[in-house]
Amino acid sequence: AVVPVLTIDGPSGSGKGTVSALVAERLGWRLLDSGALYRAVGYAAGMAGLDLSDADAMARCAQGTKIQFRSGEAGGGTRVLVNGHDATDELRTETAGAAASAIASMPSVRQALVALQLGFRRPPGLVADGRDMGTVIFPDAAFKVFLTASAAERAKRRYKQLKEKGLSVTLAGLQREIEARDSRDASRAVAPLRPADDAVLVDTTGMPIDEVVAKVLAVVQS
Ligand code: C5P
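It should be emphasised that the depicted structure is a prediction, and the values quoted were computed from it without experimental measurement.

A. Geometry of the sheet that holds strand β2 (residues 30-33). Spatially, β2-β6-β1-β7-β8 is the arrangement adopted by the five strands of the open sheet, whose pairing is parallel. Every interior strand has two partners, whereas the edge strands, β2 and β8 (200-203), have only one. Strand after strand, the sheet turns through a mean of 20° between neighbouring axes, direction not considered. Taken together, the four bridges between strand β7 (residues 143-148) and β8 define a ladder with parallel strand orientation. In the strand pairing of β8, L147 is matched with V202. Strands in contact with helix α2 (residues 34-47) are β2 and β6 (126-130); relative to β6, the strand with the most contacts, it is inclined by about 50°. Each of β1 (5-9), β7 and β8 touches helix α11 (residues 209-221); the most contacted strand, β7, lies at about 155° to it.

Structural data, given as structure tokens:
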């Protein structure tokens, strides 16, 4: 039987990460945080002192980096291990996001991560969070959602998240960084950020998380 997939794509700060995790939990399905893969490769490249603009080196790095997801202890959330090292906190920074976005524009890097992503599709189902889940990686997914929110609201959410993690950021600086990252993600030649033709669009501006979760669950249960 075909394993059902729900794709949740959208720009940073659209609520994707939180909503995907909650929906996966509610459905009892697996979760693929594809952004963490690009972040992990950028992080591994940085640790190895590689040139992030060298596409061949980045593709080799994407192939050679061991990325593992560990569900944490009670309330701890998922930890991400990069080559055996717990890099969860480092991966959350906007610096890691910017590095991820830079290497994610390289077709050879994206290609190197395809098989790994397809491997997450196992019973009873998969919630796939990213930019190109519904358009490129799982085009045959039965359920597709595209989350958006105003740029100001997305910056505010990311600001709150990063502050809670104890990171020092300014709202204005963060908004500029997020806008730069989103415009690069949307304008790149390969797998640009865009809704699949058959995706349900949900604007989460001013919408509480539980309402977004309910809307997304309704897509699967309709
Ligand atoms: O979702 P997250 O902010 O963790 O993603 C970090 C970066 O990774 C994005 O800005 C994007 O450039 C890239 N990405 C991607 N394709 C995905 C997921 C993330 O290109 N499916």
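Moving on, there is more to tell.
B. Region of the structure containing the confidence of the model for the chain. Residues with a pLDDT of 70 or more make up 98% of the chain, whose mean pLDDT is 94. Interface confidence for the predicted complex, given as ipTM, is 0.98, next to a pTM of 0.94.

C. Quick peek at the site of the ligand. Inspection of the region around the ligand gives 15 residues, with G35, Y38, S101, A104 and G130 positioned closest. Listing elements by their share of the shell around the ligand, those giving two or more residues are α2, α5 (94-104) and α10 (171-187). For the shell around the ligand, the class distribution of residues is four nonpolar, six polar and five charged.

D. Summary view of the UniProt feature "binding site: ATP" (unreviewed entry) in the chain. The positions that UniProt labels "binding site: ATP" (unreviewed entry) are, in the present scheme, G10, P11, S12, G13, S14, G15, K16, G17 and T18. Checked against the element boundaries, G15 lands in the loop between β1 and α1 (16-27). The class of G15 is buried, set by 25 C-beta atoms lying within 10 Å. Contacts of G15, omitting those with residues within four sequence positions, involve L147, A149, R157, T204, I209 and V212. As for its placement among the helices and strands, G17 is situated in helix α1.

E. Spotlight on the nonpolar core. Core analysis: the biggest nonpolar cluster contains 25 residues, and A40, V41, M58, A62, I103 and V109 have the highest contact counts within it. For this core, the secondary structure elements donating two or more residues are α2, α3 (55-64), β4 (78-82), α5 and α6 (107-112). When residues in this core are grouped by element, the largest group, eight residues, is from α2. Not counting chain neighbours up to four residues away, the residues in contact with A62 comprise V41, V109, A112 and L113. By size, the runner-up hydrophobic cluster in this structure holds 24 residues, among which are L6, W29, L32 and F143.

F. Broad picture of the sheet that holds β4. Read across the open sheet, the three strands follow the order β3-β4-β5; overall the sheet is antiparallel. The sheet is open, and its two edges are formed by β3 (67-71) and β5 (85-86), each paired on a single side. With two bridges joining them, β4 and β5 adopt antiparallel strand pairing. Within β5, the residue paired with V82 across the bridge is H85.

What counts as what
Residues numbered from 1 in each chain as written. Predicted model: local features only at pLDDT ≥ 70, side-chain atom pairs only at ≥ 80, totals over all residues. Pairing = 2+ DSSP bridges. Helix = DSSP H or I, 4+ residues; strand = E, 2+ residues; numbered from the N terminus. Axes fitted to C-alpha atoms, helices over the stretch in contact; angles between N-to-C directions. Contact = placed C-beta atoms within 7 Å. pLDDT = per-residue confidence, 0-100. Near = placed C-beta within 6 Å. Nonpolar A, V, L, I, M, F, W, Y, C, P; charged D, E, K, R; others polar. UniProt positions renumbered as here; feature names shortened; annotations may be inferred. Buried ≥ 20, exposed ≤ 12 C-beta atoms within 10 Å, placed from the backbone. Core = buried A, V, L, I, M, F, W, Y, C linked by C-beta atoms within 7 Å.

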